[in-house]
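Understanding the architecture of this molecule
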Amino acid sequence: MKSGFIGILGRPNVGKSSLTNALVGEKVSIVSPKAQTTRNKILGIVTTGEYQMIFVDTPGVHNPRNRLGEYMEKCVEESERDVDAIVIVLDATRAVSENELSFVEKHLKNKSVPVYVVINKTDLVSYDTVYPILSRLAYLTNKEKGRSAIKEIIPTSARTGENVEVLKKYLESELPEGECFYPEDEYTDKSERFMIGEIIREKALLFLQDEVPHGIGVVLQNMTCDGKLTSIEADIVCERKSHKSIIIGDGGSKLRTIGESARADIEKLVGTKVYLKLFVKVREGWRNKRNVLHDIGYS
């Protein structure tokens, strides 16, 4: 039996969570077109008769501007420790920037674990777009003093599944011999309550305007289940009174849309009918307040 951890790293909005979900075959991380959707370190677990592979999905690497940003950056740093391989995800729909090249070089320098580079979202572009990215990375496939080389560069599409199994095969070869870290029927380390909160936040990200999502969080206040019905009360926390009215919408229409969409996904998760009641609470500047961050789960 082999088992080990694989760190999934990259800049914001390159598709790390989508790739993690595709590798695991389950939805362990929420996804949206908005940058910095992932805020926590989330484990996605794949167990077969031959191995247990644990993917560590991380927030996008960015320059933190508040305590929430600092927490997210800490999650990334922790995710690089004690892994058996690193996957750096790039976005095929945009040219590789100097910052991204520096990011890749940083992780090659003095690293004792293999580094794979994935060029994601290839279903959205032609090979003529992917080729310049491959050319730009070519010099990093050769070892230089004080720096390891990229082990493999793999164009993938998390959405269509293109080359996802190819990547998984490469990563399987990097796993050391060892016993499983988690029970074989688990596919994430996160609790049901955490996953429910993330589903609600995902739907808020989907239906709200661009200026609101980064300033929202979700707190589950109450959750009960009698075996047939799961009742949930949750707060959507925002930073400004003006945001509260946007989240609620005319006559409560926006909040109702968020709740209906979230309820459908939560029912799939918990396996019962769901009664979901959402409230909107204003906590000005909550992303810089330790007590509120702790209540929401960022601690």
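See the structure shown above.
Cut-offs and rules
- Residues numbered from 1 in each chain as written.
- Predicted model: local features only at pLDDT ≥ 70, side-chain atom pairs only at ≥ 80, totals over all residues.
- Heavy atoms only, no water.
- Helix = DSSP H or I, 4+ residues; strand = E, 2+ residues; numbered from the N terminus.
- Buried < 20%, exposed > 50% of the residue type's maximum accessible area, 1.4 Å probe, protein only.
- Contact = heavy atoms within 4.5 Å.
- Areas by Shrake-Rupley, 256 points an atom, 1.4 Å probe, with all protein chains shown as cover.
- Pairing = 2+ DSSP bridges.
- Axes fitted to C-alpha atoms, helices over the stretch in contact; angles between N-to-C directions.
- Polar contact = N/O pair within 3.5 Å; in protein donor to acceptor, adjacent residues only side chain to side chain.
- Arc of directions from axis to C-beta.
- Left-handed = near helix turned anticlockwise from the far one by under 90°.
- Nonpolar A, V, L, I, M, F, W, Y, C, P; charged D, E, K, R; others polar.

This brings us to the overall build of the chain. For the chain, the helix and strand inventory stands at nine helices and nine strands. The burial tally for the chain puts 51% of its 299 residues in the buried class. Here the analysis covers contacts within the chain between residues at least 6 apart in sequence; of these, 71% occur between residues at least 24 apart. As displayed, the chain offers around 14,400 Å² of accessible surface, 46% of which is attributable to carbon and sulfur atoms.

Within a sheet, adjacent strands bond to each other through the backbone by hydrogen bonds, running parallel or antiparallel. The strand order 7-8-9 describes an open sheet built from three strands, whose pairing is mixed. The open sheet has two edge strands, strand 7 (217-225) and strand 9 (273-282), and neither has a second partner. Each strand of the sheet is rotated relative to its neighbour by a mean of 15°, with strand direction disregarded. Where strand 7 lies against strand 8 (residues 229-238), eight bridges are found, and the strand directions are antiparallel. In the sheet register, Cys225 faces strand 8, and the bridge partner there is Thr230.

A few words now on the side chain of Thr156. Within the secondary structure layout, Thr156 lies in the loop between strand 6 (150-155) and helix 5 (164-172). When its relative accessible area of 0% is taken as the criterion, Thr156 is described as buried. Separated by 3.4 Å, the side chains of Thr156 and Asn120 make a polar contact.

Once that is clear, we can look at helix 5. When we look at burial in helix 5, the residues that qualify are Val164, Leu167, Lys168, Leu171 and Glu172. Taken around the axis of helix 5, the buried residues stretch over an arc of 140°, which confines them to a single face. Buried positions along helix 5 lie against strand 1 (2-10), helix 1 (16-24), strand 3 (51-57), strand 4 (85-91), strand 5 (115-120) and strand 6.

Most of strand 3 is tucked away: seven of the seven residues are buried. Alternating residues of strand 3 divide into Tyr51, Met53, Phe55 and Asp57 and Gln52, Ile54 and Val56, and every residue in both groups is buried. Note: strand 1 against strand 3, seven bridges, orientation parallel. Paired with Lys2 across the strands is Tyr51, a residue of strand 3.

A separate point is the sheet that holds strand 5. Strand order in the open sheet made by the six strands is 2-3-1-4-5-6, with mixed pairing throughout. Unpaired on one side and paired on the other, strand 2 (42-47) and strand 6 mark the two borders of the sheet. Between one strand axis and the next, the sheet turns through 20° on average, direction left out of account. Note that strand 1 and strand 4 share five bridges and pair parallel. Looking at strand 4, one finds that Ile8 is bridged to Val87.

Moving on to the packing of helix 6 (residues 192-207) against helix 8 (residues 253-270). For the pair helix 6 and helix 8, interaxial distance at closest approach is 9 Å and the crossing angle is 145°. Pair helix 6 / helix 8 crosses with right-handed handedness. For the pair helix 6 and helix 8, contact is made by Glu192, Met195, Ile196, Ile199, Ile200, Glu202, Lys203, Ala204 and Phe207 and by Lys254, Thr257, Ile258, Ser261, Ala262, Asp265, Ile266, Leu269 and Val270, respectively. In terms of residue class, the contact of helix 6 with helix 8 is made up of eleven nonpolar, two polar and five charged.

Structural measurements only, silent on function.
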